[in-house]
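# Per-entry structural report
Residue-level listing of the chains:
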Amino acid sequence: MSIYQTLQSTGLSCAYSHFKTKQTPPYIVYIGNGQDVMEADNTHYWRENRYQVEYYFITKNEQNEASIENALLGAGYLYDKSEDIYIEEQGVFVIYYYI
C-alpha cells in the first residue's frame, strides 16, 4: 500500500505537498523527505523512501492522531512524532510525523 493510500485510509483529507484549494482543518499533507540507501559493490542492496507527514488541526483530537498512527503502523511504516506546534499566522496546530 502506498503512503498516499495509507493516509487516505484515515478518512482525513490528504494531499501531496499542498491542496489546490483552501482546506479547513483537520487535514494531512505529506512530502518526500529523501531516501535511506544501503549500498556496496557499486549497487543498491536496499532503499527506502522517507516522508514527512503533516497533520493540521484546530482542536486537539486524539482519535484522529490514533487513526494516523494506526494506519502508518498497520502498513509497516515506523515513525517519529513531533509535539503539537502552534502556527500563529494560520491559527492552526501541526504535528509532524517523520517516516
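Residues numbered from 1 in each chain as written. Predicted model: local features only at pLDDT ≥ 70, side-chain atom pairs only at ≥ 80, totals over all residues. Heavy atoms only, no water.

## Side note on the overall build of the chain
Counting its secondary structure elements, the chain contains two helices and six strands. Going from the N terminus to the C terminus, the chain shows its helices and strands as α-β-β-β-α-β-β-β. Principal-axis analysis of the C-alpha atoms places the extent of the chain at approximately 50 × 25 × 25 Å. Considering the chain as a whole, with its 99 residues, one finds that 34% of them fall into the buried category. Considering only contacts in the chain between residues 6 or more positions apart, those separated by 24 or more positions represent 46%. Counting every atom, the chain has about 6,600 Å² of accessible surface; 45% of that belongs to carbon and sulfur. Computing the positive centroid from 6 side-chain charges and the negative centroid from 13, the chain places the two 8 Å apart. (Helix = DSSP H or I, 4+ residues; strand = E, 2+ residues; numbered from the N terminus. Buried < 20%, exposed > 50% of the residue type's maximum accessible area, 1.4 Å probe, protein only. Contact = heavy atoms within 4.5 Å. Areas by Shrake-Rupley, 256 points an atom, 1.4 Å probe, with all protein chains shown as cover. Lys, Arg positive; Asp, Glu negative; His and termini not counted. Charge placed at Lys NZ, Arg CZ, Asp CG, Glu CD.)

## Focus: the pairing of strand 6 (residues 92-98)
The buried count for strand 6 comes to five of seven residues, which makes it a mostly enclosed element. In the sheet, strand 4 (residues 80-81) pairs with strand 6 via two bridges, with the strands oriented antiparallel. Each residue of the ladder has a partner; that of Asp-80, found in strand 6, is Tyr-98. As paired elements, strand 5 (residues 85-87) and strand 6 share three bridges and run antiparallel to each other. In the sheet register, Ile-85 faces strand 6, and the bridge partner there is Val-94. Joining the antiparallel neighbours strand 5 and strand 6 is a turn of four residues, in which Gly-91 adopts a positive phi near 70°. (Pairing = 2+ DSSP bridges.)

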